[in-house]
Amino acid sequence: MKGCEAVRAAPEDMPGIARALHAAGGRLQMVYAWQPEPGQTELCYVGYPQGGGKFLMWRCRPRADAPSLAAIWPALGWYEREIMDLFGLVFSRHPEPNRLVLAPGVPPPFAAAGRDAGQRAADVPRPLPELVASGVQVLPFGPVRADVTESAEFTFFYTGEQILHYHPHLFFKHRGMEARFHGVAPAAAVVLAERVSGIGSVAHALAFCHAVEAAAGCTPPPRALALRVLLAEMERLVSHLHYFGHLAATTTLKVGEAEGKLLEERAKQILGRLSGSRFGRGLLTPGGLRRDLPATGWLGPALAALEEETSRYLARLERSASHLDRLIGTGMLSREVALDQGATGPVQRASGIDRDLRRDHPYAAYATLPLEVAGATDGDAAARARVRAAEIAASFALLRHLLGALPPGPVRTTCAPEPGTEGLGWAESPRGTLFHAVHLGADGRLSRVKIKSPSFSNWRVFPFTVHETNMMDYAINEASFGLGVAGCAR
Amino acid sequence: MALWTFFGLASGKATTHWPHKGDDHGQHGVLGMPRYVPDACRAGCADCAAACPSGAIVAAEDGKGIALDYGRCVACQLCTEACPATALQPSGDWAFGVRARDDLRWVADRPVASQGGRLPTGFRRSLHIRHVDAGSCNGCESELQALNNPFYNLHRLGIFFTASPRFADLLLVTGVVTEPMLAPLKATYEAMPKPCWVMAAGTCAVSGGVCCGGCNAGHGLEGVLPVDFWLPGCPPNPAAIIEALLAFAGRLPQRVRGGHCDGR
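J.: Is there a simple way to think about the overall build of chain B in this case?
T.: When you go through chain B residue by residue, the secondary structure sums to eight helices and eleven strands. The globule rule puts the C-alpha radius of gyration for 264 residues at 18 Å, and the 19 Å found for chain B is close to it. The principal-axis extents of the C-alpha atoms in chain B amount to approximately 65 × 45 × 35 Å. Residues classed as buried in chain B amount to 56% of the 264 residues present. Across chain B, every contact between residues at least 6 apart in sequence was considered, and the portion connecting residues at least 24 apart equals 77%. Roughly 10300 Å² of accessible area belongs to chain B as shown, and the carbon and sulfur atoms make up 55% of that amount. On chain B, the mean spot of the 22 positive side-chain charges and the mean spot of the 22 negative ones are 8 Å from each other.

Here is the structure:
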């Protein structure tokens, strides 16, 4: 696999490798399965060593059950459950062998012959605690919830105001997006990547293009790399401004909500005028951009005006005691839990994990740009909001720098990956680390695409900040995480 | 709070006058569905059909021209780039809401759209909507949420989203309709007082879009619920949704007939 250092490993060696990586201060980030040949399933574990450096991949082909690593790296628990659901491969001694993405009884669609996950301990949808005490109420909320929201079901166990236990069920919307890539030509599949998570269209397209470009060994021209940063940072602005409007809504700061959503709208209109799509869709392609962006003389002044209004807005939020009161100390996430459960993006940066792919594994034109990575150590909702506020300022600074020095030249180069090649691509989406792992078949078309979205990571972490808290803080805490369902469910 | 009120008032009115007057719908530069110019289409060429990721374009069997279904179009613009002539052109045609599904299929002779199915007068001036996400990418929700921002300020048009289906006149569905969402979607419809109406918003809800045929994914609302209004778009932008809601209520004319937007 291009884009990382891949080694073969025996399935029984993986627990040792995982423990060694943990002890050395590295991190295991995901595992996915694919079928190199019919009837054969390969597991690919992706991680990074202490201090960053190249991404690492361990590839193994279990003949029977594979050992679960969830006890060593809890973050892998969901990935293993997804593989059990979709591929019928069993991870032995999994602490939560329940269904995750598919409903009980649905046979694994990509199972190798003879595997049906029948050995799984519990073919039930979710690991809910058994209720023995009286006086505890159970509230299943969703999947159709108030207001315009994405479908998901949240189960609360509570007494009075106090939440004892919380469980989100996020896969009503599982569309099988990864499978939709099968058999599609790489260039055409960008349209699919852009529709995995609408609010992360640019980031998904970017990570996918990076993976295909890694497989092909091609580098887009400098102008394309710079314009990709422009699109990605515009998407970050839209996303983060939406975040503040929504956060203000949960603390019942009505005018703050309206102003945040108005600023988000302005950013969306700028992106729409710039790219032809309010989500920045329809521009990225393996090898660069599909077309050059039109004259951008109007963009500098438009962004300057938005920046000024935004900084005044964020300063006002910082002066609103009623707003801050609800954020400070709410939804505490310790560094240890963030690391073990796999938090990513602004959520991990607010809990003291200093990591940003734009700086640590630079792509597009980020290596040549001055990027301030924001961080905090408090781990509460206020810290998560402040990290995002600092990222807004950093994005504006990046955009200003970029517009002053946009390189001329073409925006596209040939990108034709050979049949049978593979590539790992990534991007720091507004919500955090995003991976696309791409395998091409003998016909030059996609045979497997694995998508690791940031919300899949952060939804896993989120319940740990909800157990043992109170109902009144729930919506605020959820908003402070900035989660999406579509990217998680795919 | 006083601080916010003061600065809020000082910043003035942010809401657009459109669609009552002016053209500040906020979508300047936003690309819509590709416009088909059959006279420029080269016989025997099917480059656009090969490029289309959602099956909206199919080459005609006689080799002359194409069959074009805007209900499947995700406005990705790939066909406009693949066309060696100028038969498919980028356009700003995004107001594609129609009463009859057939009006999204391009036909040469531009039939007059059916005028049936209008809302009873009592519902036209104040419309209450229950939204259900039946498996979207969140793009449609993002644009639906935008309707309540100060720029569009949907309330000024007498249109409201309600929390409970019991208060809703219109069920607005986004997404491809995944297997697990089928039952909650139907339960929501059943919970609505009758008469009630259904709008399919976004290409996924109209036809399945690019997700159609994925494992676990359906093909939109056709055959699932009785649909009264179809609005393709990926996603339909907030102005397109406003036009569709007003056209559904009989307060604006439907702009698309036989696949032609504004008669073009």
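J.: What's the story with the sheet that holds strand E5 (residues 127-133) of chain B in this structure? I'm lost.
T.: Residues and elements named next belong to chain B. Spatially, E6-E5-E7-E8-E9 is the arrangement adopted by the five strands of the open sheet, whose pairing is parallel. Unpaired on one side and paired on the other, strand E6 (159-161) and strand E9 (229-231) mark the two borders of the sheet. Pairs of neighbouring strands in the sheet enclose a mean axial angle of 25°, with direction left out of account. In this structure, E5 lies alongside strand E7 (residues 170-174), joined through five bridges in parallel fashion. Note on E7: the bridge partner recorded for Val132 is Val173. The strands touched by helix H5 (residues 139-146) within the sheet are E5, E6, E7 and strand E8 (197-201), with E7 carrying the most contacts at an inclination of about 135°. Each of E5, E7 and E8 is contacted by helix H6 (residues 179-191), which is oriented at about 165° to E5, the strand it contacts most.

J.: It is not clear to me how the sheet that holds strand E12 (residues 422-429) of chain A should be interpreted in this structure. Could you clarify?
T.: In a beta sheet, neighbouring strands are held together by backbone hydrogen bonds and run either parallel or antiparallel to one another. Residue and element names in this part refer to chain A. With antiparallel pairing, the three strands of this open sheet are ordered in space as E12-E13-E14. The sheet is open, and its two borders are formed by E12 and strand E14 (446-452), each paired with just one other strand. Taking each pair of neighbouring strands and ignoring which way they run, the sheet shows an average axis angle of 15°. Bridge count for E12 against strand E13 (residues 432-440) is eight bridges, and the pairing is antiparallel. Looking across to E13, one finds that Leu424 is bridged to Ala437.

J.: I keep staring at the domain arrangement of chain B and nothing clicks. Help me out?
T.: By convention, interface size is frequently given as the accessible area that disappears when the constituent parts associate. Residue and element names in this part refer to chain B. Here chain B is partitioned into domain 1 (35-92) and domain 2 (121-257). A separation of 27 Å is found between the C-alpha centroids of domain 1 and domain 2. Each partner contributes residues to the interface: domain 1 has six residues there, and domain 2 has eight residues. Together, Gly71, Arg72 and Val74 form the three largest contributors to the area buried by domain 1 at its contact with domain 2, with a combined 67%. Where domain 1 touches domain 2, the interface holds zero salt bridges. Across the domain 1-domain 2 interface, the total number found is two residue pairs in polar contact (both at pLDDT 80 or more). When grouped by side-chain class, the residues that make up the side of domain 1 that touches domain 2 number three nonpolar, two polar and one charged.

J.: What's the story with the domain arrangement of chain A in this structure? I'm lost.
T.: All names here are of chain A. Domain boundaries assigned for chain A yield domain 1 (5-122) and domain 2 (179-451). One C-alpha centre belongs to domain 1, the other to domain 2; they are set 28 Å apart. Together, the buried faces of domain 1 and domain 2 total about 1800 Å²; carbon and sulfur atoms form 61% of this surface. Counting the contacts that link domain 1 with domain 2 gives two salt bridges. The partner of Glu422 in a salt bridge is Arg59, with the nearest N and O atoms 2.9 Å apart.

J.: Would you mind going over the packing of aromatic side chains with me for this structure?
T.: Each aromatic ring pair is specified by the distance between its two centres and by the angle formed by the two planes. Residue and element names in this part refer to chain A. Here the structure, examined in full by the defined rule, presents 28 aromatic pairs over all chains. Seen in terms of ring centroids, Tyr243 and Phe244 are 5.2 Å apart; in terms of plane orientation they differ by 85°. Their pairing is edge-to-face. Residue class for Phe244 comes out buried when judged on its relative accessible area of 4%. Where Tyr363 meets Tyr366, the ring centres are 5.1 Å apart and the plane angle is 75°; that geometry is what we call edge-to-face.

J.: Hey, could you run me through the nonpolar core in this one?
T.: In globular proteins that are soluble, nonpolar side chains generally tend to be buried together. Core analysis: the biggest nonpolar cluster contains 159 residues, and A:Leu43, A:Tyr45, A:Phe208, A:Leu424 and A:Trp459 have the highest contact counts within it. For this core, the element with the highest residue contribution is helix H6 (residues 222-250) of chain A, accounting for 16 residues. If we skip the residues at most four places from it in the chain, A:Phe208 touches A:Phe181, A:Pro186, A:Ala189, A:Val190, A:Ala193, A:His436, A:Val438, A:Leu446 and A:Val449. The next biggest cluster of nonpolar side chains, apart from the first, holds 41 residues, and it includes B:Met33, B:Leu88, B:Val98 and B:Leu225.

J.: Sorry, what's going on with the interface of chain B and chain A here?
T.: The interface of chain B with chain A comprises 57 residues on the first partner and 53 residues on the second. Around 4500 Å² of area is buried between chain B and chain A when both sides are counted, 61% of it from carbon and sulfur atoms. Remark: the boundary between chain B and chain A carries four salt bridges. Note that A:Lys268 is salt-bridged to B:Glu143, the shortest N-O span being 2.7 Å. Taken together, the links from chain B to chain A amount to 21 residue pairs in polar contact (both at pLDDT 80 or more). Contributions of two or more residues to the side of chain B that touches chain A are made by helix H1 (2-10), helix H3 (78-82), E5, H5 and H6 of chain B. Residue contributions to the side of chain B that touches chain A peak at seven residues, all from H5(B). For the side of chain B that touches chain A, the per-class residue count stands at 32 nonpolar, 20 polar and five charged.

J.: Looking at this structure, how should I read the environment of A:Pro74?
T.: Residue and element names in this part refer to chain A. Inspection of the secondary structure puts Pro74 in the loop between strand E5 (66-67) and helix H2 (76-87). We classify Pro74 as buried; its relative accessible area is 17%. Between the C-alpha atoms of Pro74 and Val461, which are 387 residues apart in sequence, the distance is 10.0 Å. For Pro74, the contacting residues outside a window of four places in its chain are Asp340, Gln341 and Arg460.

What counts and what doesn't
Residues numbered from 1 in each chain as written. Chains lettered and ligands numbered in written order. Predicted model: local features only at pLDDT ≥ 70, side-chain atom pairs only at ≥ 80, totals over all residues. Heavy atoms only, no water. Helix = DSSP H or I, 4+ residues; strand = E, 2+ residues; numbered from the N terminus. Rg over C-alpha atoms; globule rule 2.2 N^0.38 Å. Buried < 20%, exposed > 50% of the residue type's maximum accessible area, 1.4 Å probe, protein only. Contact = heavy atoms within 4.5 Å. Areas by Shrake-Rupley, 256 points an atom, 1.4 Å probe, with all protein chains shown as cover. Lys, Arg positive; Asp, Glu negative; His and termini not counted. Charge placed at Lys NZ, Arg CZ, Asp CG, Glu CD. Pairing = 2+ DSSP bridges. Axes fitted to C-alpha atoms, helices over the stretch in contact; angles between N-to-C directions. Domains from an automatic or database assignment. Buried area = accessible area lost by both parts, 1.4 Å probe. Salt bridge = Lys/Arg side-chain N within 4 Å of Asp/Glu carboxyl O. Polar contact = N/O pair within 3.5 Å; in protein donor to acceptor, adjacent residues only side chain to side chain. Nonpolar A, V, L, I, M, F, W, Y, C, P; charged D, E, K, R; others polar. Phe/Tyr/Trp six-rings, centres within 6.5 Å; stacked < 30°, edge-to-face > 60°. Core = buried A, V, L, I, M, F, W, Y, C linked by side-chain atoms within 4.5 Å.

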